[in-house]
Structures are given as C-alpha cells and as structure tokens.
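Observations on the model geometry
In case you want the letters, here they are:
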Amino acid sequence: MTDRQGFFDLSKKGITRRTALKGLVATGSGLVAPGFVRYSQAQSSAPIKIGFQCHRTGIGAAYGRWYEKTTNAAIKLINDAGGINGRQVEIVIEDDGTDAGRGAEVVGKFANQHKTDIVYGTLFSNVVIGSAPTAGELKIPYYVVSEGYHVASGKLNRYCLQPGITDVRAQVTSVAPWIAANAGKKVTMVFPDYAFGYDHRDYLPPALKNAGAEVVAQIAIPPTESSFTKYFPQIPAETDVIYHVMVGPAVLTFVKELGEFYGSNGPKLFGFIDSLEAVDVNSPGLEYLNGSHFWEGAPRYAQADDSDAMKAYRAAVGIDDNGASTSDANDVSTAAHMFGCWETLYVIKKAMEDSGYKGPEDRAKLIEATEALTEFAEGPEHPQGKKVFNGKIHQVFGSQNISKLEGGKLTVVHKTSIEDGQYEPEADYTTQAL
Amino acid sequence: MMEGSSPAKAYLLHVAVIALLFVLNFILPAYHHGLLARILVLATFAMGYNLLFGYVGLLSLGHAMFFAAGLYGAGLGVHHFGLSVPVAFMAALACGAVLSLVIGLLALRTSGVAFMIVTMMFAQVLALAILYFAPLTGGDQGLVLQQQERVVHLGDTVLDLTNPTARYMVALVLFSIVLLLTLAVVRSRFGRVLIAVRENEERTRMLGYDTFANKLAAVVISGVICAAAGGAYALLFGYVGANFASVQYSILPLLWVLLGGAATTLGPLIGTLFMYYIVDITSGYTSAYLLIVGIALILLVLFFPKGILGTLRQRWVRWLP
C-alpha cells in the first residue's frame, strides 16, 4: 500500500522531525501525568459535572459515607429520568479529609482541573467556611449541606448556598416552643464549647423566652473533655429539662455518667440527634436516654404516616425501617441530615433548568435562578417535607421533627411548622456582584 | 557540611530554583498553579521549622503556634480592625516575634524530649485559647477574610491578592526571600554556631559561645518565618481557622522537613511538594490513600534515610547546602 497522502513522510513540510518529537513528548507527558491534562470545555451533550466535596476520611467520615450513598441514589434517579436539561449528570468525588485547608484545595481542583460545573455536598462547618473564599474567587456555585448558620449569617459570599437543609439557628428556634410546652419551663443547656455549640447557646435562650420558658444554666464542655461527672453539680436543682447537644464519641460517656449521677430521678432530656448519627440508639451505655426526646431533621426510623415520597426515598437510598443499611443492619445511617443531599440535588436540577444552564459561562445565571426560587413542595424531590427558600440569605427553611426514644426506636411525636423556625434575615447576598 | 562547598554553585542552584518557580507561573495549569502557591507558603513554614530542627537540632512539636500567631495576627487585624494588607502582615511578624521570644525564653530551659513536650503544651494552650475566645477568633469554624479586604493599594497600583497570578507571585517572593535568608544564615558564622550547638552543645559552650543566646535567636528567627507563612496564608487564601493551630500542623512541618532532608535549604520545598502531590494524586484513586502515603513514607525512610536531598547530598552531591 502506498503512502499517497504522505502521512508517514517526516520530510513533508509541516511535520518536521522536531515537530514530531515535540508531539511525542507532549503525548507522553499527558499520559504519565493525567492531572496536568487540560480538560476540554463541556459540550452541550456532555454530562453536567457536579463536584462532590466529600468527607471520606477524617472526623466527618461517617456522614460522608452516607452523603455519598444518598447522592448516588438521587443522581441515578435524575439520570434515569433524563438528566438535567437533557444531559446526564456525573458526580466527581474528591475527599477533603474533613479539613478546612484541604477543602479549599479541593474546590480549586473541581473548578480548575476536573472542570466541574458546580461544587456540592459539604457538611462540616469549618470545611465550608474554609472553602467559601476559594469558591467565591473562582466564581463557582457552592451548594452545601451543612446546616450551619454560616451561609444565612451573610459572612460567606454570593456563590455559597444552602437550599436543601434548614440551618441550626432555625432548628433551635423551631423546637423551643415544644420544649417549653411539653418538657419544662426551666432549661439547663449542656453543649460543646466550640462553634457548633454556640449556635445553640446563642439562639435557644431568646426562643425559649418567647415561648414562656427560660434557660437557668449554660454549661459549656471543652472539646477535649472525656469525663463529665464534675460538670453535673453545676446543673441547678430547679432544672426541668436538660438540653444536650454533645457531639462525637464522648456522647456515650456523657449519657452513661449522667445516668449514674441522676439515677431514676433526673430532669427530662432533650437532645439533638447529631450526637447519635450513625450510632445505634440501642448501644450499651445509652439506656439512660430511653424516654427522652430528640430533634431529627428527617426521622431515622420509618414512621407509620410516612408519605409515599419518603418511602421511595428510603428505598432508593437503601435504608431499612430502623434507619440502617438494607445490606447491613449494623450500619446505621445519618438519616437526620443526609436527606439534605437528595433535596439539594433536586434544587440544583430545578435551578439549572430554570436558567437554561449550558456550561460554566452560565454560573452567574444559575446563582440568580437559585436565588429566585421560593418554595419547594413536598414530594419525591423533597421527601422530608415542604420548604421555603430565602434567596437573599441563600437558606432554606423546613419543618423539624421531635421524636421520642421508646422501646428502642425513635417515634416522631411532633412536627414543627416552617414558620416556627424562620427569623429576620441579617444579610442580603443579592447585593453582591456576581 | 560546608567543607568543600562552593558558595557560587549553591547560590546559583537557589537562584535557578527560584527562576524555575517563576517560569512555572506562566506554564502551569490553573489548578496546579493555585496548589503550588499554597505549597510555597507552607514550604516557607517548613523552612522556618527546618532552621530550628535541622540546623540547631531542636525538635519542636509546637510550631503550629507560630504559624497560627501569624495567621491570626494578620487575620484578626484585617477582620476586626480593618488593617491594610501590609500592616496586617507586619502585625503577623510582630506576633510571631513576641510569641517566639517568650516561648524561647521558657522552653529553652529544657532540652531533648522535655523541649518537645513543652513546645507541644504551649501550642495546645494557644489552640485552646483560639477556641475559648471564639467570639473574637471564630473558634473552630474560623473566619473568612472577604475579597475586598485582601487588596493592596500602593499609590495608583492595586494588587488584588485574590488574583491567581498576584497570589502566586507574592507567595514566590516570600518563599524566595526566606530561602535566600536561610541560605545566608546557615552559611554565616551564626549558622555555624547553630550547627556546632546541634553537634555538641557542651563543647560549643566550652569554646566560649553563649549557646542559650544563639538558640534563642534561632527560635525567634524560626518563629518569625513561620508567622510570616501564617500571615501570608491568611491574606492570600482568605481563611483563618483553628485547625492550623492544631497538633497536626506541628507534625506536618516535621514530616515535610524529614522527607525533603533536614538541614538542607531546599529540603522543605521538596518535602512539602512530595507530600502534597502524593496525597493529591492517590486520593483521586482510592479513599485508602493514607495507606499508600504510609507505604511511600516507609520506602522513603528505607532508601532515603536522611530525606530526599539529605541522602542525595550524602551519596552524590556533596556541595548541596
């Protein structure tokens, strides 16, 4: 066969020996260093790429694992239904190690190397706050599922949004009337002496006061503490209810020592389930919690009145009636929070469809389209319930569940209204330039 | 170490490294460009650590406090008092100088394992103080420095530190100054006294040197360099967080220096680069990347017992500073 086109003729003008060598070197470099390859701009038929900043390792790993399962389940449904704007959705995962410094690098990696359209899925507040400046500088929409008050407070930037889970301030505010009416009027707070605890410390007292109750003592426990008995004498004798938000492995010791301190005559207990996410409530040492009440974003245990949407969501994610994995009954989920991933992805889908999103050049339009959203109806896309979105503070508000631990299960006894948790916005991101 | 070394060769090498880093600004893809800016700042932190650990032989487990002193010195100055970027950076240096002087005066009363423990305890005190004064420091969540706060006005010239090129260049200038300063220090008479202290403190004292004063000077220089890195980190990347004061950030510079080669001027850069990229690349393939990192570190210790540049110098490139 002759070489009529001269493809193999190195003497042909345009393909010199030097050019060929350059090409070989460039190709070789590309092969051995995949990280350096410049990714081509997404084509109209190419998948929409969502960068998932995941806590695969570090202190948030238990949450990260379930956030990943929920994300995969939602994306499968979205893709099976035709994707977003006729394009399939691809999730690109990077582990941030639950570290604020690494989080910022990961956001840069999504924007500049993976060329994702947006970044999504972060839970831990320090990672969100550490990553926010990078997201703002790179002008890449950053949808977090963190529940921290940091987004709504206005201290981040216009590219940071939290449209899938209610923030702690609203959660605390919405459960206060129920505590005052049902648990007791005199409340002692026990909380970790760092920022997560401070949202509770700052926002529960005024909410209780409005409901006719009062905080009689606030006990901040240092994060390094491993024994709690010495703090219990600080709990006033008049206390009707202990409001506890202990987080991390210390919660087991905390509960055990509290039980030993009070025996059967202690005040009532109201806690945030955050401390027991991914932990079996029937674990040895937690017996003292029996009969107490908890806040839950979404119920861990299947409820008698679960909607079809909630049943479908639980089946899709793969959790059984006890909130554990359908493939491993000992693998307890983070049900109270992870629904936020599901709902956030559907908000992203809606905003991308509303803005006619085509690629990174439409990121500003995507932010504006998200800000224009106001309500999300309860249904398959929002199984936890109806939501109201405030575009000025980039924060969503939903109902909260108060559950009683009884017979080894958590049963919802009260559902707050959305209005219970809403507060006067203190910021307006829409005034910032895009 | 310096026997038979050639000053011209050493300075040429360092200038070549700086030139290479300058050229990389124009050719690196955006992600690696941003990552390298971060690495340059953290390599500066490691160089500060190396000065004390590598050349004086003082193993501190609390250097995160100096980095955090700069980070918060600059960050709080901008956030609460509206300081301009240059003034905030000077505040970072001042915080590092005062803290390292006080810590040096107290911790240098000990040596060996006791020095490690005392420095670690002081660092813990600072880390817990940051959490305790959360209304001021932002506690464990930290503080964000807004984009408009990270702009330098020099007459009519505006330097926006959120601009990737400006950020890279500022990081490179800081790194270059500290690299050349380190080289000058270790080649100076003062540097030789520090090495003498490391090799045999008793003999150095017997020769008439005030070893305490020399060690204190080394702690302060090291602390100020680390604080400069911390201040630059806050101003360049806009985040001030308590995690940078944690024990992890005291261990990391030790690891970077050991990997790159303790008592080599370029070792901290090599070690920081290596650790950053091995984590960055392996985490893209598996969530068990720390296992791979661990294996790589074991292999390095086996085949490069004095770190990458330390072993190179021992075996092949004797003149390497």
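Structure report, in brief. (Residues numbered from 1 in each chain as written. Chains lettered and ligands numbered in written order. Predicted model: local features only at pLDDT ≥ 70, side-chain atom pairs only at ≥ 80, totals over all residues.)

**Digging into the packing of helix α2 (residues 61-80) of chain A against helix α9 (residues 335-355) of chain A**
Residues and elements named next belong to chain A. The following threshold applies: Note on definitions: angles span 0 to 180 degrees between N-to-C directions of axes, and those axes are lines fitted to C-alpha atoms, for helices only across the stretch in contact. A run of H or I in DSSP becomes a helix once it reaches four residues, and a run of E becomes a strand once it reaches two; helices and strands are each numbered from the N terminus. Crossing handedness is defined as follows: a turn of the near helix away from the far one that is anticlockwise and smaller than a right angle gives a left-handed crossing, while the clockwise case is right-handed. By the convention adopted here, residues make contact when the C-beta atoms placed from their backbones lie within 7 Å. In the scheme used here, Gly and all other residues not listed as nonpolar or charged are polar, with Ala, Val, Leu, Ile, Met, Phe, Trp, Tyr, Cys and Pro taken as nonpolar and Asp, Glu, Lys and Arg as charged.
Look at α2 against α9: their axes get within 8 Å of each other, and the N-to-C directions meet at 35 degrees. Considering only the axes of α2 and α9, their crossing is right-handed. Packed against α2, whose contacting residues are Y63, W66, Y67, T70, T71, A74, I75 and I78, the element α9 presents H337, M338, C341, W342, L345 and K349 at the interface. A per-class count over the contact of α2 with α9 returns 10 nonpolar, three polar and one charged.

**A closer look at the interface of chain B and chain A**
Counting residues at the interface gives 25 residues for chain B, matched by 32 residues for chain A. The dominant element in the side of chain B that touches chain A, judged by the number of residues it contributes, is helix α2 (residues 30-56) of chain B, at six residues. The residue inventory of the side of chain B that touches chain A, partitioned by class, reads 11 nonpolar, 12 polar and two charged.

**Overview of the sheet that holds strand β1 (residues 48-54) of chain A**
Residues and elements named next belong to chain A. Selection criterion: Strands qualify as paired when DSSP identifies two bridges or more between them.
In spatial order, the strands read β2-β1-β3-β4-β5; together these five strands make up an open sheet with parallel pairing. Looking along the sheet, the strands with just one partner apiece sit at the ends: β2 (89-95) and β5 (160-161). Pairing analysis gives seven bridges linking β1 to β2, with the strands arranged parallel. Looking at β2, one finds that K49 is bridged to E90.

**Quick notes on the pairing of β2 of chain A**
Quick reminder of the rule: Any residue surrounded by 20 or more other C-beta atoms within 10 Å of its C-beta is treated as buried, while 12 or fewer makes it exposed and the intermediate range makes it partly exposed; C-beta atoms here are placed from the backbone. A right-handed crossover is one whose linking path, passing over the helix from the first strand to the second, runs clockwise when the strands point away from the viewer.
Counting buried positions over the seven residues of β2 of chain A gives five, a clear majority of the element. For the segment spanning β1 of chain A, α2 of chain A and β2 of chain A, crossover handedness is right-handed.

**Digging into the sheet that holds strand β9 (residues 268-272) of chain A**
Residues and elements named next belong to chain A. Sheet architecture is open: seven strands sit in the order β7-β6-β8-β9-β10-β16-β17, paired in mixed fashion. Since the sheet does not close on itself, it has two edges, and those belong to β7 (214-221) and β17 (409-415), each with one partner. Strand-to-strand twist across the sheet, computed as the mean angle between neighbouring axes with direction ignored, equals 25 degrees. One ladder, built from three bridges, connects β9 with strand β10 (residues 293-296); its direction is parallel. Among the inter-strand pairings, F272 is bridged to a residue of β10, identified as W295. Contacts from helix α6 (residues 195-210) reach β6 (186-192), β7 and β8 (241-244) within the one sheet, and its direction differs from that of β6 by about 165 degrees.

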